[in-house]
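Here are the chains, one letter per residue:
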Amino acid sequence: MIAEKKDIRKLSKDDIRDFFVSNGDKAFRGNQVYEWLWKKGAHSFDDMTNLSLSAREMLNQHFVINHIMVDNMQQSADGTVKNAVKLHDGLVVESVLIPTATRTTACVSSQVGCSLNCEFCATARLKRMRNLSPDEIYDQVVTIDKQSRLYHDRPLSNIVFMGMGEPLMNYNNVLQAVEKITSDEGLGMSPKRITISTSGVSKMVRKMADDGVKFKLAVSLHSAVEEIRNKIMPFTTNFPLTELRDALQYWYQKTRNKITYEYVVWKGINDDEKSIKALVKFCKHVPCKVNLIEYNAIDDGDFQQADEQAIENYIRALEEAGIVVKVRRSRGKDIDAACGQLANKS
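Residues numbered from 1 in each chain as written. Predicted model: local features only at pLDDT ≥ 70, side-chain atom pairs only at ≥ 80, totals over all residues. Heavy atoms only, no water.

Below, the discussion takes up the pattern of salt bridges. Side-chain pairing between opposite charges can occur once the charged atoms of the two side chains come close. Under the defined criterion, the tally for this structure stands at 16 salt bridges. Residue lysine 86 pairs with aspartate 71 through a salt bridge whose shortest N-O separation is 3.9 Å. Taken as a pair, lysine 86 in strand β4 (residues 81-86) and aspartate 71 in strand β3 (residues 69-75) lie far apart in primary sequence, 15 residues in all. Note on lysine 86: relative accessible area 33%, which makes it partly exposed. Classification of aspartate 71 as partly exposed rests on a relative accessible area of 48%. Arginine 229 is paired through a salt bridge with glutamate 226; the nearest N and O atoms lie 3.7 Å apart. (Salt bridge = Lys/Arg side-chain N within 4 Å of Asp/Glu carboxyl O. Helix = DSSP H or I, 4+ residues; strand = E, 2+ residues; numbered from the N terminus. Buried < 20%, exposed > 50% of the residue type's maximum accessible area, 1.4 Å probe, protein only.)

Written out as structure tokens, the structure reads:
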């Protein structure tokens, strides 16, 4: 009797080659299957049309492909697409296709729920159920690439790990997914088109630098005043700003890659002169740019978008200090697909 079927995507190419040889077939069949799994994104062994019927039946007897399914898809008036993605065990995460005139970006999730407790984020209100596997992360990208080609007539150009979860709390799986995404045997995307966003897990920033990663780094900062940061992001008491600063300096020293700071300005929280001066000072520690992000409400009144004048004050102070700053207007708000809104409402 055959044991419980294993997900074939947990096997390396050599493992699959060995499987065929041990079952009296040619090793190159493993190469063909591996290409179907990763380059062509096959969801079924029956799709592998250059394999014999007997080879496909043998695969079906021994293995499964635990691919994701788009359980619900919503399209925004601005062209943004939000996917409620059902995993093989019935849990759901969300991923988003964000189109602009020149690019299409996939915003992917790395955890079911989130490990952290940022007060302003809908995802943080969900309990972390588990980490996503490399295959589940990869599948989100493949799905959004297909949607980009279908709805915008162009391939996916960028990937941001800014969906549900803290990517650096699922470090090994995220790195394996990136490896597959950038591999010639996978999607062949340039690592320079991939950004990993962290809420400030400083020890993992150092590890990334030591591991010699090639992708870009973004930090959800939101305040460079310790008391404010600890209040709106309580977990940061374990990762103080001095530690984060040192880790980011180490990152730049090792990678020579600029940091992007993601920063939301809220009324009555961080819209004052003290907060502006603190951010400018923090930005001077390491080459960086700042994205000022429009806040997207999550059904309570504790956090409100700051007045336009406060945004202008930030822009002026940063530009006067020679720091590149951009205002990022949110997309997909009408379908709760904007930054901080992913909460599996569907």
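Having seen it, we continue.
Okay, the UniProt feature "binding site: S-adenosyl-L-methionine" (unreviewed entry) in the chain next. Mapped onto this numbering, the UniProt entry gives "binding site: S-adenosyl-L-methionine" (unreviewed entry) at Gly165, Glu166, Ser197, Ser220, Leu221, His222 and Asn296. One can find serine 220 in strand β11 (residues 216-220). In this structure serine 220 touches Ser197, Thr198, Ser199, Met233 and Glu262, once residues within four positions along its chain are discounted. Among residues more than four places away in sequence, those in contact with histidine 222 are Phe120, Ile232, Met233, Glu262, Tyr263, Val264, Trp266 and Asn270. In terms of polar contacts, histidine 222 uses its side chain to reach the backbone amide nitrogen of valine 264, at 3.1 Å. (UniProt positions renumbered as here; feature names shortened; annotations may be inferred. Contact = heavy atoms within 4.5 Å. Polar contact = N/O pair within 3.5 Å; in protein donor to acceptor, adjacent residues only side chain to side chain.)

This part takes up the UniProt feature "binding site: [4Fe-4S] cluster" (unreviewed entry) in the chain. Per the UniProt record, "binding site: [4Fe-4S] cluster" (unreviewed entry) is found at Cys114, Cys118 and Cys121. Relative to the assigned elements, cysteine 118 resides in the loop between β7 (111-112) and β8 (130-131). Relative to the helices and strands, cysteine 121 resides in the loop between β7 and β8.

On to unusual backbone geometry, then. Despite not being glycine, histidine 222 has its phi angle at roughly 70°, a positive value. Note that histidine 222 resides in the loop between β11 and α7 (226-232). The residue arginine 256 is not glycine, and still its phi comes out positive at about 60°. Turning to its location among the elements, arginine 256 is positioned in the loop between α8 (241-255) and β12 (259-264). When its relative accessible area of 54% is taken as the criterion, arginine 256 is described as exposed.

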